[in-house]
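# Geometric and topological summary
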Amino acid sequence: MLLGVLLVFWISGSAGQQEDVGPLVCVTDGCLRGKLLEDLGGKKFQAFLGIPYAKAPVGELRFRNPEPVNPWSGEYNATYERCRCVQKNDLYPNQPVEGQEDCLYMNVFVPEERKNPERPLAVLVYIHGGGYFGGSASMGEYGPERLMNTGEVILVVMQYRLGVFGFLSTGDRAAPGNFGLKDQVAVLRWVNRNINRFGGDPGLVTLIGQNAGGAAVQMHMMSSLSRGLFSRAISMSGNAVAFWNQPEENPLEIARDQAEALGIAAARNLSSEELVRALRAVDAQELCRSIDIMKFWHVFPLTRYRPVVETFIRNESFISEDPRELWSRGDYAKIPWMTGYVQNEGALVSLGILTNFTLLEQLNEFSNFIFPRLVGAKDTAKTHRMLRDRFFPGGSSSLWLDANNFRRIEDLFSEAMTMYPLALAIEQHAALQNGSKTPISLYYFAFRANHSYSQLYSGIDYDFGVCHGDELTYLFRPKTLFQDFKPESPEASMARMLVNYFVRFAYDGVDDTMRCADHECRVMEFLGSGSDSRRPPGMMLGYGFDETMVEFWRELYNQ
C-alpha cells in the first residue's frame, strides 16, 4: 500500500515537473530553453531571455566590431535576463555607473495563442533609447505583455554597447567606431537566420526604436550593412538628422580627450593603435565614469559619443557618408516608415534644469556661452539674438531668463532636438517620394496618465504634460517604473489602441489615410485624459509643418 502511494506521488510529481519545463527552440548556434509567462489577460507567452548574439566585447574585443558567438552543445538557459551594458545614464538625476561589458544579449517573446495560426508572425525588433549612453532590454522597462496579448507579433528587445564602449572612434582601423550600431546589425542578422524557428516571418520584420533608438532606425535605413534585413521602420521621438546625431568631424581628438580625462600619459602624442591599447587597459567602470570630465556644463553634451562616418573601410563600414547628406538625397531603403512625437519632447533634458535652482542660475549667468552649445549651434552674436528673441523675450543680452520666460527652455529643446529634425526629414522624404510609393505615417501622442517619465527626469511629481517617453508606457509594460493601469481604465483602452496601431503597421505598412505628402501631413492623434484637441506643436492647422519654425532653425544652423 505504501509503495503504491509513493509510486502515485512520484508519477504525479514527475508530471508536474514536466509541465514546468519551458519551451525549447534550437537556433543556428544551439538550443535555447525558455520559460512560459502570462500577459495581463492571463494568456501564456514564451520568453527566451538573455540570448547571446555576439561574443562578450571584453579584453582585445573592446573597441572592435562584434564577433559571432561560438556554438554551444546542450541547452542554453534562456530563463533569466542578463546584465545591462556599462553606462552612466545622465537622463536621470544622480545616476551611478552600472552594468558590465559582457552585455550583448537580447530577449525574444512569442505568443502561445496566435490570432492566425496559419500565418507566420510579424516581428518587432526594438532598439531602446537613451542617447547612445543609457538603457537596456530589461522586462522591467519593456515588458512585452501588451504586445503578446494580441497574439499577432514576436517581439525582440536588444542590448547594444553604449557610450565610449559603443561609439569611441579613432577615425581609422584601430577603432573604426559605430560598434553599438554594428551590434544592432548583428541582432538583425540573427533574426534573419533564426526567427522562423520561433514561428516568425523573416520577410516581415519591423525595426522600431525610440529616442536614439529612433535615430538608429533611420541610420539602419541608410546603412548597406542593414539592407534587406527589415521591411518596416518606426522612429519614435528620435531622428537621424538631429544635431545630437551628427557625426563628429574629428573623432580621434575625442578619443585623445578621453585618454587625457583618464590621466593616460602623452595622450596627444600616441598613435591611434597605442591610444586604443591604452584605453583597453582601463577598468570599465573607471572608463565609463570619466565621461563627467568631458562635459562643458552639467551633463552636456549628452551625446558626447555618437555615430561616425567610416570612409576608410567602405565595404565594412556601417555608414560612409554624413547621414544628413544621405537622407536629403534619398539614399536609403524605400520601405514604409512611421515616425511620431509627444506633446513635451523637451522634458527629456529641460526638467533636470527647471527643477534645479542652481542650474537655472548658472544657465542665466552664462546664457551666451551655454545656450548655443545646448542646441548644437554656432556661438555667434546672430545665434544669441535669434534664440533670445524666439524663446526668451524680455531677457537682456546677457541674462536671458526671467520669471516669465524660463519655462520656454522646454520649447527650445523640443524644437531643436525633435521637432525641427522631424519636420526636415519628413519634408525631404515627401519631396523625394512625391507622395507615391512609400508615404510616411505620422502620429502625435498627447494622452496624459497619472504617471509620467517626467517623474524620472525631475525627481518630483508634477504635471509637466505628456513628456518624452510617455507613449512607451502604453506600448510596453514598465512594471519596475510605474504601476499597472487598471483593466477597464482609459489608460488601458489607450494602450490597446496604440498597440493595435503599431501591430497593424507591422503587417500592412503605411496606412494611406494617414500619410505625409507634398510637405503636408495627416496625423494619427492619440489624445485625451487631460489633453486637448489643439493642433500638435510644430504643426499648422491642416497639418502642414510650421514653416516659421522650420525656417528659423534652418537659418540658425546654416550660418
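Residues numbered from 1 in each chain as written. Predicted model: local features only at pLDDT ≥ 70, side-chain atom pairs only at ≥ 80, totals over all residues. Heavy atoms only, no water.

This brings us to the overall build of the chain. Looking only at helices and strands, one finds 18 helices and 15 strands in the chain. Over its C-alpha trace the chain gives a radius of gyration of 24 Å, about what one expects of a compact globule, namely 24 Å for 559 residues. Counting only C-alpha atoms and orienting by the principal axes, one finds that the chain spans roughly 95 × 60 × 45 Å. Per-residue burial over the chain gives 60% buried out of 559 residues. A separation threshold of at least 6 residues defines the contact pool for the chain, and within that pool the share at least 24 residues apart is 74%. Roughly 22300 Å² of accessible area belongs to the chain as shown, and the carbon and sulfur atoms make up 50% of that amount. Positive and negative charge centroids in the chain, built from 54 and 66 side chains respectively, lie 3 Å apart. (Helix = DSSP H or I, 4+ residues; strand = E, 2+ residues; numbered from the N terminus. Rg over C-alpha atoms; globule rule 2.2 N^0.38 Å. Buried < 20%, exposed > 50% of the residue type's maximum accessible area, 1.4 Å probe, protein only. Contact = heavy atoms within 4.5 Å. Areas by Shrake-Rupley, 256 points an atom, 1.4 Å probe, with all protein chains shown as cover. Lys, Arg positive; Asp, Glu negative; His and termini not counted. Charge placed at Lys NZ, Arg CZ, Asp CG, Glu CD.)

This structure, assessed with the given rule, holds 34 salt bridges. Here Arg-477 and Asp-484 are joined by a salt bridge, their closest N and O atoms 2.7 Å apart. Accessibility expressed as a relative area gives 16% for Arg-477, which makes it buried. For Asp-484, a relative accessible area of 38% puts it in the partly exposed group. (Salt bridge = Lys/Arg side-chain N within 4 Å of Asp/Glu carboxyl O.)

A few words on the sheet that holds strand β2 (residues 30-33). One open sheet holds the 3 strands; their spatial order is β1-β2-β5, and the pairing between them is mixed. A strand with exactly one partner marks an edge of an open sheet, and here the two such strands are β1 (24-27) and β5 (75-77). Taken over all neighbouring pairs, the strand axes of this sheet differ in orientation by 35 degrees on average, direction set aside. Judged from the 4 bridges that link them, β1 and β2 form a sheet pairing that is antiparallel. (Pairing = 2+ DSSP bridges. Axes fitted to C-alpha atoms, helices over the stretch in contact; angles between N-to-C directions.)

Moving on: the confidence of the model for the chain. Mean pLDDT over the chain: 91, with 90% of residues reaching 70 or higher. Within the model, the stretch residues 1-18 combines pLDDT values under 50 with 0 contacts to residues more than four positions away or in other chains. (pLDDT = per-residue confidence, 0-100.)

Covalent bonding between the sulfur atoms of two cysteines defines a disulfide. Scanning the entire structure with this criterion turns up 2 disulfides. With its sulfur 1.9 Å from that of its partner, Cys-26 forms a disulfide with Cys-31. On the sign convention where negative is left-handed, the bridge of Cys-26 and Cys-31, at about 90 degrees about the S-S bond, is right-handed. Note on cysteine connectivity: Cys-85 is disulfide-linked to Cys-103, with sulfurs 2.0 Å apart. (Disulfide = S-S within 2.5 Å.)

Attention now goes to the environment of Lys-382. Secondary-structure assignment places Lys-382 in helix α13 (residues 381-391). Overall, Lys-382 belongs to the partly exposed group, its relative accessible area being 32%. If we skip the residues at most four places from it in the chain, Lys-382 touches Glu-555 and Gln-559.

Within the fold, Met-236 resides in strand β10 (residues 232-236). Separated by 139 residues in the primary sequence, Met-236 and Val-97 have C-alpha atoms spaced 26 Å apart. Residue contacts for Met-236: discarding those within four places in its chain leaves Ile-208, Gly-209, Gln-210, Asn-211, Gly-214, Gly-340, Tyr-443, Glu-471, Leu-472, Leu-475 and Phe-502.

Here the focus is helix α18 (residues 547-557). Buried within α18 are the following residues: Met-549, Val-550, Phe-552, Trp-553 and Leu-556. Down the axis of α18, the buried side of the element spans an arc of 160 degrees, and every buried residue falls inside it. In this structure Asp-546 caps α18, since a side-chain oxygen of it lies 3.0 Å from the backbone nitrogen of Thr-548. (Arc of directions from axis to C-beta. Polar contact = N/O pair within 3.5 Å; in protein donor to acceptor, adjacent residues only side chain to side chain.)

In this structure, the largest pocket occupies an estimated 1100 Å³ of space. Phe-243, Trp-244, Gln-246, Arg-306 and Gly-376 are, among the 49 residues lining the largest pocket, the residues nearest its centre. Listing elements by their share of the lining of the largest pocket, those giving two or more residues are α9 (323-328), α10 (347-354), α12 (367-374), α14 (408-433) and α18. Considering each element in turn, the lining of the largest pocket owes the most residues, 8 residues, to α14. Its residues assigned to classes, the lining of the largest pocket shows 26 nonpolar, 12 polar and 11 charged. (1 Å grid on protein atoms, 1.4 Å probe; cavity = no way out; pocket = protein on both sides within 12 Å on 5 of 7 lines; lining within 4 Å. Points joined across faces, edges and corners; volume = space filled by probe spheres on them. Nonpolar A, V, L, I, M, F, W, Y, C, P; charged D, E, K, R; others polar.)

Closest axis-to-axis distance for the helix α6 (residues 251-261)/helix α7 (residues 272-280) pair is 11 Å, and the angle between their directions is 40 degrees. By the angle between their axes, α6 is oblique relative to α7. For the pair α6 and α7, the sense of crossing is left-handed. Together, Leu-252, Ala-255, Arg-256, Gln-258 and Ala-259 of α6 and Ser-272, Leu-275 and Leu-279 of α7 make up the contact between the two elements. A class-by-class count of the residues in the contact of α6 with α7 yields 5 nonpolar, 2 polar and 1 charged. (Parallel < 35°, antiparallel > 145°, perpendicular 65-115°, else oblique. Left-handed = near helix turned anticlockwise from the far one by under 90°.)

What follows deals with the side chain of Asn-239. Within the secondary structure, Asn-239 is located in the loop between β10 and α6. At 3.2 Å, the side chain of Asn-239 and the side chain of Gln-218 are in polar contact. Look past the residues within four positions of Asn-239 in its chain and what remains in contact with it is Ala-215, Gln-218, Trp-244, Asn-245, Trp-337, Pro-421, Leu-422 and Ala-425.

The next thing to look at is empty space enclosed by the protein. In the structure shown here, the tally under the stated rule is 5 cavities of 30 Å³ or more. Taken as a whole, the largest cavity encloses approximately 150 Å³ of empty space. In terms of lining, the largest cavity is formed by 14 residues, of which the most central are Lys-88, Phe-133, Gly-163, Val-164 and Ile-291. Going through the elements one at a time, α3 (163-167) and α8 (284-289) are the ones with two or more residues in the lining of the largest cavity. By residue class, the composition of the lining of the largest cavity is 8 nonpolar, 2 polar and 4 charged.

Here we come to the packing of aromatic side chains. Per the counting criterion, the structure on display carries 34 aromatic pairs. Pairing Trp-190 with Phe-198 gives two aromatic rings, centres 6.0 Å apart and planes at 45 degrees, and the pair type is tilted. By relative accessible area, Phe-198 is classed as buried at 4%. Judged by centre distance (3.9 Å) and plane angle (10 degrees), the ring pair of Trp-327 and Tyr-332 falls under stacked. Each member of the pair, Trp-327 as well as Tyr-332, is classed as buried. Joined through ring pairs, the aromatic side chains of Phe-371, Phe-391, Phe-392, Trp-400, Tyr-420, Phe-552, Trp-553 and Tyr-557 make up one cluster. (Phe/Tyr/Trp six-rings, centres within 6.5 Å; stacked < 30°, edge-to-face > 60°.)

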